[in-house]
Amino acid sequence: MKNLYSVKVRLFFSVALLVFLSGSVAAQSYNPNFGRNLLANPGAETGDLTGWTILQNGGDGWRVRDSGAHTGQSAFQVSYDWCRKYQVIDLVAEGFTEQELDEGQNVYISDWFSGIGVNPSQTLDYGQLKVELRDASHNVIASYDSGVFTTPEAPTPYGTNYVEYSHVFEDYGAGLRYIYFEHGGIDTEYWAGHYGTLIDSASVVIGTKMIPFSSWAIGLGVLLIGIFVVVIRRSL
Ligand SMILES: [Ca+2]
Ligand SMILES: [Ca+2]
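The following paragraphs examine the structure supplied in this document. Remember, it's a predicted structure, so these values are computed and weren't measured experimentally.

On to the overall build of the chain, then. Of regular secondary structure, the chain possesses three helices and 11 strands. Along the chain, from the amino end to the carboxyl end, the secondary structure elements read α-β-β-β-β-α-β-β-β-β-β-β-β-α. Long-range pairs, those at least 24 residues apart, make up 78% of the contacts in the chain with a sequence separation of at least 6.

Dropping the structure here:
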């Protein structure tokens, strides 16, 4: 009986160790690009429009405002006619393998908008966020469009009240290779200069920083339970 118990214990620990080691290898090879923001210059912190392609530059056009940011020092700001800009993220160039992309992990997108003005009604500026998941041929496989929305009333004069627009793409299947991210807005008071929507802290993230529910965790759990069982048996 004692021998059988000993064999069982050894077998148990061998399996646990194997699971633990294979999990550790999986953990080491886990792509750190999952969980990071894939947008270039997402919050205007370069002080310019680096990383973005201008689609519309209405009124006095896009600018970077060095105050009233949601995060950091700066935010993008629109003018009295529509301003829109975009970037296309090439996911393979960003370091994902086609196999990883075909797993179809959740894609989390987010962006923050605030109106600004001298009196409360002038802070009700407009914004819009559009995102498309695209395949290798740039065909759209899933999309999100906030529609044109009005920013919430903000403290005056020139205070900010940021609102987040976000979306999670789930169950979109295999084939993701590019993400198209576009945002924009327009000022409501139609003044020359820049009294329009502030946009800051955009993000596009695939998956999470967490290592997926892994054999590493299971192996460690089995190992701890095994130690616990052995200690209990020996103390009886
Ligand atoms: Ca910023
Ligand atoms: Ca305004």
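Taking strand neighbours across the sheet as the criterion, the five strands line up as 2-3-11-5-9 in an open arrangement whose pairing is antiparallel. This sheet does not close on itself; its edge strands, each paired only once, are strand 2 (63–65) and strand 9 (163–169). Averaged over all pairs of adjacent strands, the angle between strand axes in this sheet comes to 30°, irrespective of strand direction. For strand 5 (residues 107–114) and strand 9, the ladder comprises seven bridges, and the chain directions are antiparallel.

Attention now goes to the environment of V229. Mapped onto the elements, V229 comes out in helix 3 (residues 215–235). We classify V229 as partly exposed; it has 13 C-beta atoms within 10 Å.

Right, let's talk about the environment of G72 for a bit. Relative to the helices and strands, G72 resides in the loop between strand 2 and strand 3 (75–77). When the C-alpha positions of G72 and S201 are compared, they lie 8.6 Å apart, and in sequence the two are 129 residues distant. Every residue in contact with G72, bar those within four places of it in the chain, is listed here: G43 and E45.

Moving on to the pairing of strand 11 (residues 198–206). Among the nine residues of strand 11, eight are classified as buried, and the element is accordingly described as predominantly covered. Relative to strand 11, strand 3 is paired through two bridges, and the arrangement is antiparallel. Bridge pairing in strand 11 places Q77 opposite L198. Bridge count between strand 5 and strand 11: seven bridges; the pairing is antiparallel. Counterpart to F113 in the pairing with strand 11 is I199.

Moving on to unusual backbone geometry. For the bond from T156 to P157, the omega torsion is -5°, close enough to zero to count as cis. Here P157 shows up in the loop between strand 8 (149–150) and strand 9. With a phi close to 65°, H138 is a non-glycine residue in the positive phi region. Topologically, H138 is positioned in the loop between strand 6 (126–134) and strand 7 (140–145). We note that Y190 has phi near 55°; this positive angle belongs to a residue other than glycine. Relative to the helices and strands, Y190 resides in the loop between strand 10 (178–186) and strand 11. Residue classification places Y190 among the partly exposed positions, given that 13 C-beta atoms sit within 10 Å.

About the cut-offs
Residues numbered from 1 in each chain as written. Chains lettered and ligands numbered in written order. Predicted model: local features only at pLDDT ≥ 70, side-chain atom pairs only at ≥ 80, totals over all residues. Helix = DSSP H or I, 4+ residues; strand = E, 2+ residues; numbered from the N terminus. Contact = placed C-beta atoms within 7 Å. Pairing = 2+ DSSP bridges. Axes fitted to C-alpha atoms, helices over the stretch in contact; angles between N-to-C directions. Buried ≥ 20, exposed ≤ 12 C-beta atoms within 10 Å, placed from the backbone.

The analysis is restricted to geometry; functional conclusions fall outside its scope.
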